[in-house]
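Geometric and topological summary
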Amino acid sequence: MKILVAVKRVIDYNAKVRVKADNTDVDLNNTKMAINPFCEIAVEEAIRLKEAGSASEVIVVSIGPKACQEQIRTALALGADRGIQVETADYPESLNVAKLLAQVVRDEQPGLIIMGKQAIDSDNNQTGQMLSALLDMPQGTFASEVKLEGDKAQVTREVDGGLQTLSLNLPAIITTDLRLNEPRFASLPNIMKAKRKPLAVTSPETLGVELKQHSTLLKVTPPTERSAGILVNSVDELVEKLKNEAKVL
Amino acid sequence: MAILVIAEHDNSTLKGATLNTITAAFEIASKTPGSELHLLVAGRDCQSVAEEAAKVDGVSKVLVADDASYEHQVAENVANLISQLGKDYSHIVASATSNGKNILPRVAALLDVGQISDITAVESEDTFQRPIYAGNAIATIQSLDSIKVITVRGTAFPAASIGACVESNAEITNIDSPASSDLARFVSEEVAQSDRPELTAAKVIISGGRGMGSGENFSILEQLADKLGAAVGASRAAVDAGFVPNDMQVGQTGKIVAPELYIAVGISGAIQHLAGMKDSKVIVAINKDEDAPIFSVADYGLVADLFDVMPELQLKL
């Protein structure tokens, strides 16, 4: 069984986010970029399934300008077998990404698709669910545990009140939550080896997918800053302030 | 045209988040001429939810889809129902809870439209604000689709009231359900049992971070929480360290909360945590490191060892 993993190139989660002075977008010039952390967990899960003998090949897909090949190479260094870049001028909206991925899935016929539950730039949390709908496949979102049993996947999901377990018919789509696993670091020999692994480049035209605009970004502004309050010196003072000044007790 | 709001419930009562979502939907309706609010209750033996929903102010119609396949809100079935029903609506709105996030993008794709996630303000019938980059920027987005599919961040809108105008009870209509799919099957559920309020509904939250040192030490917070009727939360660092389960996590990757009072104990205040709680009305930080970033958002900061001051705080509150 092949496993397909989608990864997105995003701002490094430690980098500081700056809004452009003209409020048109976030300024990503000279900003450190990385694999979206949830996508990295997806790569790790796929590699572990391959190491456990449940998968024969791990294919990693990224959609975006040429720079996203860097993130594909990172995934290859972690242990994925080959990469596919769908070259686009920009980073398309979720539904367009889902349509491009759906065509890659039809071409590659993986038994399982793993992706991050959300990207830490747009924070949409949509693409996995949309892909499932387009392919009429079951979805196991926000997964904290995945077990493959024959032609089914048992997925434990992080939900608001606790955990929910679903049994999904394969092929299925799984989106990862934080506790699914802890991704490994790529070793230097594996980084070198990754440079020789195959990486195919395709395009929306080749895939026969027409991209459509569903929304317009009108403006990006910094959030209203919360100003620091005061330091109190004792528990007594804190209790007094909460009761008499803030009046929350 | 009408706006369809998806009710969140456990087949017996309506979840609080739905009331905030109704307020957001009502704001959209007030900016969309000639529109009214319909509420969909999809579940199993969920008549009591429908009756409760009919009393929520602003709702003019409650649609009930009662079917075994909706009992556990399995996305494949609920999304099919909503997408068929949704073709006749201008907006489809749900709470940005784990359930809403699971189901609604599937609905959007079935309708071939985009989704605007996690809105925090309504500017017009098609333009909304939403946080991006973990709340480090606010985007204003205009939807170009004929049907607007939206999830709502509950903490950004007040809760709609129930039964303020008694005579305006909404009409309840039972609707047919499309054939169910067996692609995904519910196996089991592990709901954390607690007498304390849910994090997203609590008026007071006490959260612990890595500074708590261990899961056992969270009992210090629990004792104070029980005294104040508060919920207990945690930072991602405390979850990653294995002190407490992930459903207690407050932050960008956990729950977004905005209580009246948020007490952060032994939490340094990483951006990802601040993203989940900085809209709280009053923030108290207790940390022994005076340079901890949490103090930059706290209304009241106390630089002290939490193990020294928490017992005293419990006595005096």
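Residues numbered from 1 in each chain as written. Chains lettered and ligands numbered in written order. Predicted model: local features only at pLDDT ≥ 70, side-chain atom pairs only at ≥ 80, totals over all residues. Heavy atoms only, no water.

1. A word on the overall build of chain B
Defined as follows: Secondary structure is summarised from DSSP: a helix means a run of H or I of at least four residues, a strand means a run of E of at least two, and numbering begins at the N terminus for each. We compute the radius of gyration from the C-alpha atoms alone; for a globule the expected value is 2.2 Å times N to the 0.38, where N is the number of residues. What makes two residues a contact is simply this: any of their non-hydrogen atoms within 4.5 Å. What sets the accessible areas is the Shrake-Rupley method with a 1.4 Å probe; for residues, cover comes only from the shown protein chains. His is not counted here, nor are the chain ends, while Lys and Arg score as positive and Asp and Glu score as negative. In this description, the location of a charge corresponds to atom NZ of lysine, CZ of arginine, CG of aspartate or CD of glutamate.
On a plain count of helices and strands, chain B comes out with 8 helices and 16 strands. Computed over C-alpha atoms, the radius of gyration of chain B comes to 21 Å, within 12% of the 20 Å expected from 2.2 N^0.38 for 317 residues, which places it in the range of a compact globule. Structurally, chain B occupies a C-alpha span of about 60 × 40 × 40 Å along its principal axes. Put simply, 64% of the contacts in chain B that link residues at least 6 apart link residues at least 24 apart. In the form shown here, chain B has an accessible surface area of approximately 12,000 Å², with 48% of it arising from carbon and sulfur atoms. Distance between charge centres in chain B, computed from 22 positive and 41 negative side chains, equals 3 Å.

2. Notes on the packing of aromatic side chains
Under the convention used in this document: Any pair of Phe, Tyr and Trp rings, taking the six-membered ring for Trp, is counted once the centres come within 6.5 Å. Such a pair is stacked with planes under 30 degrees apart, edge-to-face with planes over 60 apart, and tilted for the rest. Geometrically, a lysine NZ or arginine CZ counts as sitting over a ring once it is within 6 Å of the ring centre and also within 35 degrees of the ring normal.
Counted under the stated rule, the structure contains 0 aromatic pairs over all chains. Taking NZ or CZ as reference, A:Lys117 lies 5.8 Å from the ring centre of A:Phe142, over its face.

3. Some thoughts on the confidence of the model for chain B
What counts is decided by this rule: Summary of the metric used: pLDDT quantifies the predictor's per-residue confidence within the range 0 to 100.
Per-residue confidence for chain B gives a mean pLDDT of 94; residues scoring 70 or more make up 98%. Scored as a whole, the predicted complex attains pTM 0.92, and scored at its interfaces, ipTM 0.94.

4. Examining the side chain of B:Ser83
Residue and element names in this part refer to chain B. Operational definition: With a 1.4 Å probe rolled over the protein chains alone, any residue whose accessible area is under 20% of its type maximum counts as buried; one over 50% counts as exposed, and the rest are partly exposed. Polar contacts, as used here, are pairs of N or O atoms within 3.5 Å; protein pairs need one atom able to donate a hydrogen and one able to accept it. Residues neighboring in sequence count only if both atoms are side-chain atoms.
Inspection of the secondary structure assignment puts serine 83 in helix H3 (residues 75-86). Serine 83 gets classed as buried once you look at its relative accessible area, which sits at 6%. In this structure the side chain of serine 83 is engaged in a polar contact, spanning 3.1 Å, whose partner is the backbone oxygen of asparagine 80. Sequence-distant contacts of serine 83, that is, excluding residues within four places in its chain, are made with Val107, Leu110 and Leu111.

5. Describing the interface of chain A and chain B
To keep it simple, the criterion reads: Buried area is understood as the total, over both parts, of accessible area removed when two parts are fitted together, assessed with a 1.4 Å probe. Put simply, a salt bridge is a Lys or Arg side-chain nitrogen that is within 4 Å of an Asp or Glu carboxyl oxygen.
Each partner contributes residues to the interface: chain A has 76 residues there, and chain B has 80 residues. The contact between chain A and chain B buries some 6,500 Å² in all, and 55% of this surface belongs to carbon and sulfur atoms. When the buried surface of chain A facing chain B is broken down by residue, A:Asp160, A:Arg226 and A:Val235 rank first, second and third, together holding 12% of it. Where chain A meets chain B, there are 3 salt bridges. Put simply, B:Lys316 and A:Asp236 hold a salt bridge, and the shortest N to O gap is 3.0 Å. Seen at the junction of chain A and chain B, the total is 45 residue pairs in polar contact (both at pLDDT 80 or more).

6. Some words on the side chain of B:His38
Residue position: B:His38 is located in strand E2 (residues 36-43). Those residues within four positions of B:His38 in sequence are excluded, and the remaining contacts are B:Ala2, B:Ile3, B:Leu4, B:Val5, B:Ser60, B:Lys61 and B:Tyr89.

7. Here we look at the sheet that holds strand E8 (residues 137-143) of chain B
Counted only if it meets this: Pairing between two strands requires that DSSP report at least two bridges joining them.
The 4 strands lie next to each other as E14(A)-E8(B)-E7(B)-E6(B), forming an open sheet whose pairing is antiparallel. Here the strands that pair on one side only, and so sit at the sheet edges, are strand E14 (215-221) of chain A together with strand E6 (121-122) of chain B. Looking at chain direction, E14(A) and E8(B) are connected through 6 bridges and run antiparallel. Paired with A:Leu217 across the two strands is B:Ile141, which belongs to E8(B).

8. So, the pairing of E2(B)
Residues and elements named next belong to chain B. Counted only if it meets this: The crossover handedness rule: strands pointing away from the viewer, path from first strand over the helix to second strand clockwise, crossover right-handed.
Counting buried positions along E2 gives 7 out of 8 residues, so the element sits mostly inside the fold. Traced from strand E1 (residues 2-6) through helix H1 (residues 16-30) to E2, the parallel crossover comes out right-handed. Pairing of E2 with strand E3 (residues 59-66) involves 7 bridges; the strand directions are parallel. Bridge pairing in E3 links leucine 40 to leucine 63. Handedness of the crossover is the feature at issue here: the chain leaves E2, passes through helix H2 (residues 47-54), returns alongside E3, and the resulting connection is right-handed.

9. Some details on the packing of helix H3 (residues 94-108) of chain A against helix H4 (residues 127-135) of chain A
Residues and elements named next belong to chain A. As a reminder, the rule being used: Comment: axis = line fitted to C-alpha atoms, over the contacting stretch for helices; angle = value between 0 and 180 degrees taken between N-to-C directions. Roughly parallel refers to an angle under 35 degrees, roughly antiparallel to one over 145, roughly perpendicular to one between 65 and 115, and oblique to any angle outside these ranges. Note: crossing handedness is left-handed where the near helix turns anticlockwise from the far helix by less than a right angle, and right-handed where it turns clockwise. Note on residue categories: nonpolar means Ala, Val, Leu, Ile, Met, Phe, Trp, Tyr, Cys or Pro, charged means Asp, Glu, Lys or Arg, and polar means any other residue, Gly included.
Between H3 and H4, the shortest axis-to-axis distance is 8 Å and the interhelical angle comes to 50°. What the angle tells us is that H3 and H4 run oblique. The crossing of H3 and H4 is right-handed. Contacts between H3 and H4 involve Ser94, Leu95, Val97, Ala98, Lys99, Leu101, Ala102, Val105 and Arg106 from the former and Thr127, Met130, Leu131, Leu134 and Leu135 from the latter. Across the contact of H3 with H4, the residue classes break down as 10 nonpolar, 2 polar and 2 charged.

10. Looking at the environment of A:Asp90
All names here are of chain A. Among the structural elements, aspartate 90 can be located in the loop between strand E7 (82-87) and H3. For the pair aspartate 90 and lysine 66, spaced 24 residues apart in the sequence, the C-alpha separation amounts to 9.9 Å. The residues touching aspartate 90, leaving out its near neighbours within four places in the chain, are Gly64 and Pro65.

11. A look at the pairing of E7(A)
All names here are of chain A. For E7, a buried count of 5 out of 6 residues is recorded, marking the element as mostly surrounded by other parts of the structure. In this structure, strand E6 (residues 57-64) lies alongside E7, joined through 6 bridges in parallel fashion. Looking at the pairing, glycine 64 lines up with glutamate 87 of E7. Regarding topology, helix H2 (residues 69-78) serves as the crossover connection from E6 to the parallel E7, and that connection is right-handed. Across 4 bridges, the pairing between E7 and strand E13 (residues 199-202) is parallel. Looking across to E13, one finds that glycine 83 is bridged to leucine 199.

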